[in-house]
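Overview (structure and organization)
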Amino acid sequence: MPELPEVEAVARMFAPLVAGRKIRACRVLHPIVVSRAAPGGGSGARALSRVRGRRVLGIERRGKYLLLRLDRGWLMIHFRLDGHLVWYARGRRPRHIDVEWEFARGTLGFVDRRHLGRVRWLNRPEDHPGIARLGIDPLSSAFGARRLQGVLEGSRRGIKLLLMDQTRIAGMGNIWTCESLWRAGIDPRRPASRIGPGETRRLAKAIVAVVRRALESCIASAPDVGNPEWWFADADRMARVYGREGRPCRRCGGPIRRIKQGGRSSFYCPGCQR
């Protein structure tokens, strides 16, 4: 699932292609991605038709949500598990496109083979409940040890599950949360309230470092956005613990272990994460 670094990279990669340009047409090819009732009334498909003729002023990210700021309203894209964007010439539509937006010099398409992603037109981002409830963003200037301490205090939840709660920390997902906890040397099962001040400072620095390094890897990989199969291969390869069950820890040499937390796999090193 695209997490904070991947979505931020997508925003930066596609901004030069669409910023300042007018949407000439919008086509919904798989209505399931827009079928839910939209804010402001009417079906999602009818609401989405409002983007026709609108100019894209910019692209930004909030948590795992991608937002196209228009001269009137906003276009929201949530990638879920496998969704991503592609750019192609008119008449050369790839397979599995759910929604496409035609510009004078190309077409932006949202592709998701499982059709789990969602696309919405919004009058303002806060009209979407998921965006309205987002917690602090690790890339914001307000994020740090003091703010993280406030998130952890009083919570008996395991630290990993708490960090993945979008209402607490916006944008963190399974992969980069595992990586951040490994870097900070903290067991993912530890109750959040039992993380000490020194560990909190270490964890805050680890989260920022991991997210920024993943973002740099995504941008450096320079994928071909015209290929519907593109992905950030370099970012996946930078993982130090995620997906490495049974392999030696790159810090202490002990075997990496995989456990289940909240229905998701957690990877950690029992030898150096306490």
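The structure this text deals with has already been given above.
Description of the structure in this document. (Residues numbered from 1 in each chain as written. Predicted model: local features only at pLDDT ≥ 70, side-chain atom pairs only at ≥ 80, totals over all residues. Heavy atoms only, no water.)

A tally of helices and strands in the protein yields eight helices and 10 strands. For 274 residues, the compact-globule estimate of 2.2 N^0.38 gives 19 Å, and the C-alpha radius of gyration of the protein, at 20 Å, lies within 12% of that figure. Seen along its three principal axes, the alpha-carbon backbone of the protein occupies a region of about 55 × 35 × 30 Å. Residue burial in the protein is summarised as follows: out of 274 residues, 52% are buried. In the protein, the share of contacts with a sequence separation of at least 24, taken over all contacts with a separation of at least 6, comes to 65%. On the protein, roughly 12700 Å² of surface is accessible, and the fraction owed to carbon and sulfur atoms is 46%. (Helix = DSSP H or I, 4+ residues; strand = E, 2+ residues; numbered from the N terminus. Rg over C-alpha atoms; globule rule 2.2 N^0.38 Å. Buried < 20%, exposed > 50% of the residue type's maximum accessible area, 1.4 Å probe, protein only. Contact = heavy atoms within 4.5 Å. Areas by Shrake-Rupley, 256 points an atom, 1.4 Å probe, with all protein chains shown as cover.)

In this structure, Leu 66 and Trp 101 are the most contacted members of the largest nonpolar core, which totals 65 residues. If you tally residues by element for this core, the top one is helix α7 (residues 197-221), at nine residues. Setting aside anything within four residues of it in sequence, one finds Leu 66 in contact with Val 7, Val 10, Ala 11, Ile 59, Glu 60, Leu 75, Met 76, Ile 77, Phe 79 and Leu 85. (Core = buried A, V, L, I, M, F, W, Y, C linked by side-chain atoms within 4.5 Å.)

Within the open sheet, the four strands sit side by side as β2-β3-β4-β8. Their pairing is antiparallel. The open sheet is flanked by β2 (56-62) and β8 (118-122), the only strands paired with a single partner. Taking the axes of each pair of neighbouring strands and ignoring which way they run, one obtains an average angle of 20 degrees across the sheet. Note that strand β4 (residues 74-78) and β8 share five bridges and pair antiparallel. Counted as the bridge partner of Trp 74 is Leu 122 from β8. Packed onto the sheet, helix α1 (residues 4-18) meets β2 and β3 (65-70) and runs at close to 175 degrees relative to β2. (Pairing = 2+ DSSP bridges. Axes fitted to C-alpha atoms, helices over the stretch in contact; angles between N-to-C directions.)

The next point concerns the state of the cysteines. Tallied over the entire structure, the rule returns zero disulfides. In this model Cys 178 remains outside any disulfide bridge; the closest cysteine sulfur is found in Cys 269, 13 Å from its own. The closest cysteine sulfur to the non-disulfide-bonded Cys 272 is located on Cys 269, 3.5 Å from its own sulfur. (Disulfide = S-S within 2.5 Å.)

Here we come to the pattern of salt bridges. Across all of its chains, the model carries 18 salt bridges by this definition. Across the pair Glu 8 and Arg 12 runs a salt bridge, and its minimum N-O distance is 3.0 Å. Separated by four residues within a single helix, Glu 8 and Arg 12 lie in helix α1, roughly one turn from each other. Taking relative accessible area as the criterion, Arg 12 reaches 45% and is therefore assigned partly exposed. One salt bridge connects Arg 157 with Asp 165, and the closest N-O pair in it is separated by 2.9 Å. (Salt bridge = Lys/Arg side-chain N within 4 Å of Asp/Glu carboxyl O.)

The subject of this paragraph is the packing of helix α4 (residues 145-152) against α7. Packing of α4 against α7 leaves a shortest axis separation of 9 Å and a crossing angle of 115 degrees. In terms of axis orientation, α4 runs roughly perpendicular to α7. Here α4 and α7 pass one another in a crossing that is right-handed. Along the contact surface, α4 presents Ala 145, Leu 148, Gln 149 and Leu 152, while α7 presents Pro 197, Thr 200, Arg 201, Leu 203, Ala 204 and Ile 207. (Parallel < 35°, antiparallel > 145°, perpendicular 65-115°, else oblique. Left-handed = near helix turned anticlockwise from the far one by under 90°.)

Let's shift gears to α7. Given a rise of 1.5 Å per residue, 25 residues ought to cover 36 Å, and the 36 Å separating the end C-alpha atoms of α7 matches this to within 8%. What α7 keeps buried is the set Glu 199, Thr 200, Leu 203, Ala 204, Ala 206, Ile 207, Val 210, Val 211, Ala 214, Leu 215, Ser 217 and Cys 218. (Expected span 1.5 Å × (residues − 1).)

Next up on the list: unusual backbone geometry. Notably, Arg 80 is not glycine yet its phi reads approximately 55 degrees, a positive angle. Its place among the elements puts Arg 80 in the loop between β4 and β5 (84-88). The partly exposed category is assigned to Arg 80, whose relative accessible area is 33%. We note that His 96 has phi near 70 degrees; this positive angle belongs to a residue other than glycine. You can see His 96 is positioned in the loop between β5 and β6 (97-103). In this structure His 96 comes out as partly exposed when scored by relative accessible area, which is 28%.

As summarised here, the arrangement of the four strands in space is β1-β6-β7-β5, forming an open sheet in which the pairing is antiparallel. Two strands in the sheet have a free side with no partner beyond their single neighbour: β1 (25-28) and β5. The sheet shows a mean angle of 20 degrees between the axes of neighbouring strands, direction not considered. One ladder, built from six bridges, connects β6 with strand β7 (residues 106-111); its direction is antiparallel.

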